[in-house]
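# Secondary and tertiary structure notes
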Protein chains: 2
Amino acid sequence: MESPVRVVQYGLGPIGQATAGAVLDRAKTGQMELVGAVDVDPQMVGRDVATLLDDDRAETGVVVTDRPAAVLHEQRPDVVLHTTTSALPVVDEQLRTCVAAGAHVVSSTEELAYPYDRHPERAKALDRRARAAGVVVVGTGVNPGYAMDTLPLTATGVCTSIDAVRVARVVDAGERRGSLQTKIGVGCAPAEFEAKTKDDALGHVGLQESLRMVARGLGWTLADVRETIAPVRADRAVETPHCSVEEGGIAGLHQTAVGVVGGRERLSLDLQMYLGAEESYDAVQVEGTPPIDLRVDGGIFGDTATVGILVNTASLLDTVPSGLKTMLDLPVPRANL
Amino acid sequence: MESPVRVVQYGLGPIGQATAGAVLDRAKTGQMELVGAVDVDPQMVGRDVATLLDDDRAETGVVVTDRPAAVLHEQRPDVVLHTTTSALPVVDEQLRTCVAAGAHVVSSTEELAYPYDRHPERAKALDRRARAAGVVVVGTGVNPGYAMDTLPLTATGVCTSIDAVRVARVVDAGERRGSLQTKIGVGCAPAEFEAKTKDDALGHVGLQESLRMVARGLGWTLADVRETIAPVRADRAVETPHCSVEEGGIAGLHQTAVGVVGGRERLSLDLQMYLGAEESYDAVQVEGTPPIDLRVDGGIFGDTATVGILVNTASLLDTVPSGLKTMLDLPVPRANL
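Quantities reported herein were computed from a predicted structural model and do not represent experimental measurements. Residue indices begin from 1 for each chain and proceed along its sequence in written order. The order in which chains are written sets their letters, starting at A; the order in which ligands are written sets their numbers, starting at 1. Only residues with pLDDT of at least 70 get local features here, since the model is predicted, and only at 80 or more are side-chain atom pairs given and counted; chain-wide, interface and lining totals rely on the full set of residues. Side-chain figures throughout are based on the complete set of non-hydrogen atoms in the structure, without hydrogens or water.

### Examining the relation of the copies chain B and chain A
Let me state the cut-off plainly: Least squares is the method for superposing the copies, and the C-alpha atoms it fits come from residues with pLDDT of at least 70 in both. A contact between two residues is defined here by any heavy atoms of the two lying within 4.5 Å.
With an RMSD of 0.0 Å, the fit of chain B onto chain A corresponds to turning through 180 degrees and sliding 0.0 Å along the axis. What the rotation and shift describe, once combined, is the action of a two-fold rotation axis. With an isologous cut-off of 70% or more, the 98% of interface residues of chain B that recur at the interface of chain A puts this contact in the isologous class.

The following block contains the structure:
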């Protein structure tokens, strides 16, 4: 029996809480051990992490702290599961603290999933630090990290030639947590939707990261990347536990990213997240030899899937050379239970 | 521009010829270079490899030889693409010759895809030799290697818990090459089917390898592995370019492998290959959190897919530590074009 992977959970929002729960579940089989929990929220600090989780968990003895460096220094975890926010510049210092403590980092920060284009200097610096510390830093999640990049790449794995790759993801946002509904503009007035889009206060972060990751994986040079974002109108009134929308109101968004390769749009990612979507699904079409027409009926449910891939990735870092990595550098993803 | 991967094609049956063709296609972009071709068939030896391929290719200057050690020594390829036969004991010496020449080996030998259980001693010895030579040896293909192991594992990558994994592959064998039709017993009398099954002269090789690879990937201990093989009867007369079957005759086979984990059948692989299948498809059902219901409509066309994954895998070995490996140890598969 191998010794358990020692984990610090950094960030205790809804995803972080669920991730901590998944780590505690794996403690039962001796696979993982939760040795620390970090959040800046004063309402959380000092509480046993078990009291934050929905379910009836026994006290863990792990108390939330807002002093990450101290707990990392004291506990020397193998891995930090990091779930704070989307923007790399905001989390950069947090990641450095983890790396300095000699811990691998698996982060849900969307901009970290493929940071080389949007944040080349930060990526270089992080890579340098991670190598020096002998640890792996990787950004992943359901999207970016899986549904619109790793899964489509895997679909191409059997192709001898490819003309184009088309990826579509439709999410019925009514089934998802409330914070997603804010992120996709549910209930916004049109002007507000537009203004928030311009300010990056709204919209899915990571479509460009996925596009660039797929292109890199395929060895394709992107001559241009084109992105669009538009509201989706409700074709009927929709009510969910978190919010409601009138007929004709903004129910969510439709985002696309297209990659131009050799003068043609050979790569396209199409994401719709809105209340009342008839069906959620993920689809990958590889126009190639052989053609691949892959579909996940019902879609890949984001809230639990992100937790799954974070925890699963933490078990796959042993053979990965140190440095800043992406899903391209990691072994075939899989649950390890 | 990186220098091209220097490839020797070892084995020039239908799959080997197509693989050589794919390497020649990648020579056009400077990605690969075909530097040797090996086969024991006296009808092939001495001919330019281009003359073996269906299409109108210019002469390559690469002449088929039946002396692998000599061409490997002379050309010092980076990778050998090895496509001779299914049984590891039969190809063991061939693989050793490649390893001794310091070449990585990507092989379609089914029993090499996950050799640790069926051939533990050979696997250990190969691993030792590969490490000593600083090269990677890996078995892959569409099945085993992808459709019923790597793809299902990838489907589990987002799961926090899994109750069971069910994989199904249906292949309309009428669309495939003639050698497959022999392998699946098309046109056999019932007694002949049974006798050939007992002699391992018939049937898909690799289902058990896939099952064991998935179990290993998931960290599941198999208490038992149960296999079945049965003929599929034609419900109508079927005619293909390669052969024909009367109504009620044997049109192919239905093979299953089930893995018992913790007293329950938590892993099942179900393979049907027969003439006249209404639709080919690949399906993966992960009963877990979240549930994943993945389907490849039209299936993953085996003849070209095996060529694809062989050639694509050859481009993914740079960062893999040396030794005998499986798809579990390799990065996310993808085409690199």
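### A few points about the packing of aromatic side chains
Any two aromatic rings considered together are summarised by their centre-to-centre distance and by the angle between their planes. Under the convention used in this document: The rule is short: rings of Phe, Tyr and Trp, with Trp giving its six-membered ring, pair when the centres are within 6.5 Å, and they are stacked under 30 degrees, edge-to-face over 60, tilted in between. Definition used: whenever NZ (Lys) or CZ (Arg) falls within 6 Å of the ring centre and also within 35 degrees of the ring normal, the charge is taken to sit over that ring.
Counted according to the given criterion, the structure contains 2 aromatic pairs over all chains. Arranged with centres 5.0 Å apart and planes meeting at 85 degrees, the rings of Tyr114(A) and Tyr116(A) form a pair that is edge-to-face. When the ring centre of Tyr281(A) is taken as reference, the NZ or CZ atom of Arg295(A) above it lies at 4.2 Å. Geometry around Tyr116(B) places Arg216(B) over its ring, the cationic atom sitting 5.7 Å from the centre.

### A few points about the domain arrangement of chain A
Interface size, as often reported, equals the accessible area lost upon joining of the parts. Residue and element names in this part refer to chain A. Counted only if it meets this: Segment limits for the domains were obtained from an automatic or database-derived domain assignment. Put simply, buried area is the surface a 1.4 Å probe can reach on two separate parts but cannot reach once they are joined, added for both. Any Lys or Arg side-chain nitrogen found within 4 Å of a carboxyl oxygen on Asp or Glu counts as a salt bridge. Polar contact is the term for a pair of N or O atoms within 3.5 Å; when the atoms are in protein, one must be able to donate a hydrogen and the other to accept it, and sequence-neighboring residues count only if both atoms are side-chain atoms. The residue classification treats Ala, Val, Leu, Ile, Met, Phe, Trp, Tyr, Cys and Pro as nonpolar and Asp, Glu, Lys and Arg as charged. All others, Gly included, are polar.
Taken domain by domain, chain A comprises domain 1 (5-141 + 305-329) and domain 2 (150-299). If you average the C-alpha positions of domain 1 and of domain 2, the two centres end up 26 Å apart. Of the roughly 1100 Å² buried between domain 1 and domain 2, counting both surfaces, carbon and sulfur atoms make up 64%. If you sort the residues of domain 1 by the area they bury against domain 2, Tyr-114, Arg-118 and Leu-328 come out on top, with a joint share of 47%. Seen at the junction of domain 1 and domain 2, the total is 2 salt bridges. Put simply, Asp-117 and Arg-212 hold a salt bridge, and the shortest N to O gap is 3.7 Å. Counting across the domain 1 and domain 2 interface gives 2 residue pairs in polar contact (both at pLDDT 80 or more). Within the side of domain 1 that touches domain 2, the residues separate by chemical class into 7 nonpolar, 1 polar and 4 charged.

### As for the pattern of salt bridges
This is how it is decided: Accessibility here uses a 1.4 Å probe with only protein chains present; expressed as a share of the type maximum, an area under 20% marks a residue as buried, one over 50% as exposed, and anything in between as partly exposed.
Under the defined criterion, the tally for this structure stands at 40 salt bridges over all chains. Two residues, Asp25(B) and Lys28(B), come together in a salt bridge whose shortest N-O distance is 3.3 Å. For Lys28(B), a relative accessible area of 67% corresponds to the exposed category. Here the residues in one salt-bridge network are Asp25(A), Lys28(A) and Arg57(A), joined through shared partners.

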